[in-house]
Each structure stands twice: as structure tokens, then as C-alpha cells.
Amino acid sequence: MSRLPPLANTHIDDSGMIHGDDFNDTYFSRENGLDESRLVFLQGCGLPQAWAGRSHFVIGELGFGTGLNVLATWDLWKKTRQDGAILHIITVEGFLLEAKQAKHAHENWPELKALSDQLIAQWPTRAYGAQRIWFPDDGLCITFLIGPCEDALSRMDFAADCWFLDGFAPSRNPQMWEEGVFAQIARLSAPGARLGTYSVAGVVKAGLRNVGFTLNRLPGFGSKRQRLEAHLGEEPNAIQKRPKTAIVIGGGIGGSSVAAALMRRGIAVDLFDDDYCARTKASGNPVALIMPRLDRADTREARFFRAAYLMALANYQQMGTAFDPSGIREVSLDAESAERLNNLASDPPLPPSHLAQPDVTSLMHLQGGLVFPDLVLKHLKTGATIHPVAIVAVEQHEGLWHACGPNGDVVAKADICVIANGPGAVAFSDVGDYMRGRAGQLSWSQVDRDLPTAPLSGGAYCAPFHDKLIFGATFEPIDLDGPTPQVTRTANVKNRDMLAGIAPELARTIDLDRASGRAAIRATTPDQLPIVGALTADGAGKFILCGLGSRGFTTAFLNAEIIASQACGEPCPVEAQVALALAPDRFAKRAAKRGKAKPN
Ligand SMILES: Cc1cc2nc3c(=O)[nH]c(=O)nc-3n(C[C@H](O)[C@H](O)[C@H](O)COP(=O)(O)OP(=O)(O)OC[C@H]3O[C@@H](n4cnc5c(N)ncnc54)[C@H](O)[C@@H]3O)c2cc1C
Ligand SMILES: C[S@@+](CC[C@H](N)C(=O)[O-])C[C@H]1O[C@@H](n2cnc3c(N)ncnc32)[C@H](O)[C@@H]1O
């Protein structure tokens, strides 16, 4: 199987109708796709009444297609949304359309133009796995599951309040209406889940009945005689408990992304950071590279890093001058890394808009680039109450988390607490025992040659930084709770020598007497994955986001979204296996399996 999902094969006929050529069917009713969508799916699922009074509501859709159902739902949501409520749409698509094809289809409905423009601007990427985008002003979150329907659903864990079944006709598109798909729908349904579909084919009725749905046939749209409404079980569970307040410890990219993800959900955040001026934190570096870690194998790690990169891009692209999307050139250092890059280029996991191969020794990440951490952190923390205070303890009393300052005084109380303080996490959770410190120094200097137009990466990296070249970075063992490492000439020499591996002509012009630098500690983990999720052993409502290693600016947004989703009981943005790979208890479980105690 190719690493890249297939594209849709389509044509548009003389009447402007879009056809799926591999299925010999149209994407929506010839009569009026929008009216069909409103009747079959919105009315069919009892909307908007079904989401009234709910703090969040989850819709599952099979067949994203042009996104017309999504636009119709969004339009209704905007008109009827209760203050602060969140709508999740989780939509499966195996054959993504190009944004311009969808845009063309949407033009039939000028009344949806404003929403269409926003959706098209954040159109999903042709890459396997889960991808999440947000429209925070409307409390709308869309998670795309790109891949074959049954496989894509089987990887996820969520509870949908209703379903839109919108594959092509069952006779032409049987994979969307198979027993296995119906079994996944039932597994992923909340009690009382409702369902709408235009099809009353026998296979659909039998498939839904077999997994427990009660069916109701109603007059169909346009020339269709009938449509189906269905529900699973009795009444939906109306009780939804969401946190209103949060304590976040740490104001680096980890804590700031969590703060943003929580605030997007209307949660008031008290953020504590004892390095408010960014003198020592790793997140205080002058620049950070944003590029994907691409693996050859389709592992959960590969799926995590790809999804994290796409989510980071979606976030940075909204941050104006905090992001310079210059592209990044990944270069090979030896035959083995050249082979890896060539392999990825010949069967890429991301589409041509993301990856290009300028020559056999490099790969261009066209959408990657540089971020400016001070601007990024400022952007993310806007709206939080910031306290330049060191927290020494967090304790739970009568359902609330108390954060204690240096004198032992309680400085904040909140429903949940998130430990996101980088190397400092060792003080707040046993999980920290599995982290290791790595000192990193970045160097910068004037060079007597033209600066590269885009950053280079390959073991080491370099990037233009004002009129200088920034290059690095060292990676030396250090105590996590030790003092901040000093900038040294030895580390500058190391960085220059590493630079010689990727850009020898630039390295030759570095004058070490004029080089400056910045050193900080990275918190790393044995499996190079961050530690993300609920610390259930410590009591409900305590979460951790740490161990961001060398890629914190690329993975933080997805990690933060996992935590915010868990805290609010909302659908997780990643596949279940990915969430497990990041779970805080993974090291203890592995150690227990091997019969080993945790490290000292
Ligand atoms: C040299 C170098 C180069 C790097 N380059 C890149 C790159 O190009 N791209 C990339 O994606 N990543 C890069 N990284 C990694 C990235 O910087 C880290 O992954 C990321 O900054 C970690 O963020 P964090 O929020 O977890 O921790 P930190 O940035 O360490 O922030 C933690 C914050 O918590 C505060 N804190 C700690 N304890 C307490 C407490 N008890 N109370 C209150 N506050 C507390 C700290 O003072 C600090 O402000 C690099 C790292 C280094 C060192
Ligand atoms: C009728 S169209 C959906 C129309 C869409 N809801 C809209 O608003 O435009 C059916 C969709 O199902 C997708 N599809 C077909 N077979 C699939 C499969 N096996 N897995 C995932 N998606 C599939 C098609 O690519 C197509 O986009």
C-alpha cells in the first residue's frame, strides 16, 4: 500500500454536479444538496433540538466528500449554539477531494460562502490518520479521519451523539456499508445515539438493526422515496461535567499550548511560571524549527509525529509573524540517511504540497519553517492569568486542586491541574523519574557568505536569524533538576563542527570569537515520545504534559489537545494506540512487565 492515501477521481458535469467516478455516483442530490443535507442528516438526527442544553455534542460522519454536510451543520450550529458549547464533527474520508474541487461544489450555495472560505482555508491534508482543526469563534472542532472507513473508525475511541451515513449508494460503494462498519458505529456511539441516512437499502437496514439500532422510515428528499432515521437504545445521557477552572504549571510551549487548548473551551486558566522572562527555559530559545519526523514504517509513533506536525502547522499559520514558513531542507549526512530520504521521497507520506526532492541528497519540507518562541508563547497565553510564581506542591482537597507557592500558601484553586513545567515535572509526579535531562546549546554568529534562504536540517541544523546564522544544537546528559547549563566555547566548537556536516562552506566562515549562544535543558524520554495525559493514580483531574525532548514546538499543540479533550470528556484527537503510546503510565507498565522496579 502506498504511504499516501488515494485522491478522489471526479468530474463535474454540464449542470455543475460533482461525480465520484470510481463509484459512478454523485456527491449529493441533483435536486439540491444543501436541502437534502438539512432534511436527511440535520432533521434526521433531531438537530438542533438534540444538542440543546449540551456543553459539547459529537457528530460522526461517514463520507466527508465536499464538506457540504459539515457546512450545513456549522451553519445551523452558529444559529443555535448555546454560549460556550462545543461541537465536534468527526468525519471519515478515504478519497480526499482537492480543496479547489470542494470550493467549486460549494459555489452552488452562496449563503454558505463565509463558512466555505474558512473550511477551504484549513482543508485537510492528504495523509493517513486523524487530523484536527478548530474554528474557535464558533466552538467548532473538526477531526478528519483519513483512510478506509472501517480501518479509520477501528483506530479511534469516542462516543458520537449522532451519525451521518453518507457513503455513495450501497450498491456502488459497499465498503461504506459493511457489517464491520456498522459494528464500529455501534461501538463508537453514545447511549441514545441518533443516525440519519438517505439510503433505505436492505443491507443498511439489516446492518443497523443487527448492531442494535431501531429504525424509522420517512419520506425521502426529492426523487428519493424514503430515508432512514435510527436511534440506539433509549435516552441520551444528558449529564456532562466539564471543568471551569484550571491551574497550569509551566509557561513554556507545553504549558502555554495547554492553556490555549483549555481557554478555547471556555476554561479559566491560572498559569504559573517561575521563569517569566524566559532566561532559562528551553522554550525561550530565539527560534525553533518546525518540521516533521517522517518514518518509513506505519507505526503509532509515525502517525503521532505526522499528526502533530499537521496540527502545529494549522496553529502556526494563524499566528502571523510568529511563524516564518520558509520551508526546511532536510539533508543527508551519509549513505544511510540518503537512503532514508530517497525512500520517503519515492513513496511520500505527505502530498507534493508538503514534500519535494530538490536532489538525491535532500528532502524539502515545503510548509515547515521557523517559529519565534517569544511571539508564539505570548499568543498562546493571551487570556490566561499569569503568575510569575514557583509552585512547590499541588494537592487535592474536596474536589479542588490547590497550588502552593514558595511559602506553602495556597495561591490558586481549580477543578483541574496540569503539570507542564518541562524538566521541573520531576517534582510533581513519579512519571518524571523516567525522564532524562539533555543540555542543548544553540550558537549564532555572523558569516561571510550569503545566508541560506531556508533552514537546513540533518542531525544538526542551521537557519538565518536576522543578519546572523543560528546553528546547533548540542545534546549532552545533564541532571534534570540541576542548574541551567552555561554557554561554553566548547559547545560552540561542537556546533560549528556539526554544521560542517550539513553546510561546510558556512561552517568555514564562522569566527568562534564572535559567536554567541544560549543553553537550556530538554526533558527527554527513553522512547523519544512525550508524556501526555491523565495522572489517574494521583486523583481525578491531574494531568501531565512533559518530556517534549527536541521537538516540543512541533508536538505541543496535539499534546495539549489530548489533555484538554481528556479533561472535558471530549473525543481524543489521536488514535487510541497513539494515546496509549504517550500515556504517563506506559513506563511503569513496561517496567512491571519486565519485573523491574522504576529507576531511582
Ligand atoms: C538547544 C535547543 C534547541 C531546540 N530546538 C528545537 C527546535 O528547533 N524545534 C523544536 O520543536 N524544539 C526544539 N527544542 C526543544 C524545545 O525547546 C523543548 O521541547 C520545549 O521548549 C520544552 O517545552 P516545555 O514547556 O516542556 O519546557 P520548558 O521550556 O523548559 O518550560 C518549562 C517552564 O516551567 C517553568 N517551571 C518549572 N518548574 C516550575 C514550578 N515549580 N513552578 C512554576 N514554573 C515552573 C520553567 O521555569 C519553565 O519556564 C530545542 C531545545 C533546545 C534546548
Ligand atoms: C456521497 S459522498 C459524501 C458527500 C459528503 N458528505 C458531502 O457533504 O459532500 C461519499 C464519500 O464517501 C467516500 N468514501 C467512499 N468509500 C470510502 C471508504 N471505503 N472509506 C472512506 N471513505 C469512502 C467518498 O470518497 C466520498 O467522499
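Up top you'll find the structure we're talking about.
All of these numbers come straight from a predicted model, not from anything done at the bench.

## Comments concerning the state of the cysteines
This structure, assessed with the given rule, holds zero disulfides. Unpaired in terms of disulfides, Cys-162 finds its nearest cysteine sulfur in Cys-45, a separation of 3.9 Å. A relative accessible area of 0% means that Cys-162 is categorised as buried. For Cys-572, which is in no disulfide, the shortest distance to another cysteine sulfur is to Cys-141 and amounts to 11 Å. Residue class for Cys-572 comes out buried when judged on its relative accessible area of 16%.

## Focus: the pairing of strand 27 (residues 460-465)
Two faces belong to every sheet, and in a regular strand the side chains alternate between them. Extensive coverage of strand 27 is indicated by the burial of five of its six residues. For strand 26 (residues 456-458) and strand 27, the ladder comprises three bridges, and the chain directions are antiparallel. Looking at the pairing, Leu-456 lines up with Cys-462 of strand 27. Pairing of strand 27 with strand 28 (residues 468-472), which is carried by five bridges, proceeds in the antiparallel orientation. In the sheet register, Phe-465 faces strand 28, and the bridge partner there is Lys-468.

## Here we look at the sheet that holds strand 2 (residues 18-20)
An order of 1-2-3 is seen for the three strands of this open sheet, with the pairing classed as antiparallel. What marks the edges here is a single partner per strand, and that holds for strand 1 (10-12) and strand 3 (25-26). Sheet topology note: the strand 1/strand 2 ladder contains three bridges and is antiparallel. Across the sheet, His-11 pairs through a bridge with His-19, a residue of strand 2.

## Thoughts on the nonpolar core
Note that soluble globular proteins tend to have their nonpolar side chains buried in a common cluster. Ranked by internal contacts, the top residues of the largest apolar core, which has 76 residues, are Leu-47, Leu-62, Leu-119 and Trp-163. For this core, the leading source of residues is helix 2 (residues 68-80), giving seven residues. Those residues in contact with Leu-47 that sit more than four places away from it in its chain are Leu-42, Phe-57, Ile-59, Leu-76, Cys-162 and Phe-164. Of all hydrophobic cores here, the second largest spans 66 residues; its members include Ala-308, Leu-341, Ile-416 and Ala-579.

Cut-offs applied
- Residues numbered from 1 in each chain as written.
- Chains lettered and ligands numbered in written order.
- Predicted model: local features only at pLDDT ≥ 70, side-chain atom pairs only at ≥ 80, totals over all residues.
- Heavy atoms only, no water.
- Disulfide = S-S within 2.5 Å.
- Buried < 20%, exposed > 50% of the residue type's maximum accessible area, 1.4 Å probe, protein only.
- Helix = DSSP H or I, 4+ residues; strand = E, 2+ residues; numbered from the N terminus.
- Pairing = 2+ DSSP bridges.
- Core = buried A, V, L, I, M, F, W, Y, C linked by side-chain atoms within 4.5 Å.
- Contact = heavy atoms within 4.5 Å.

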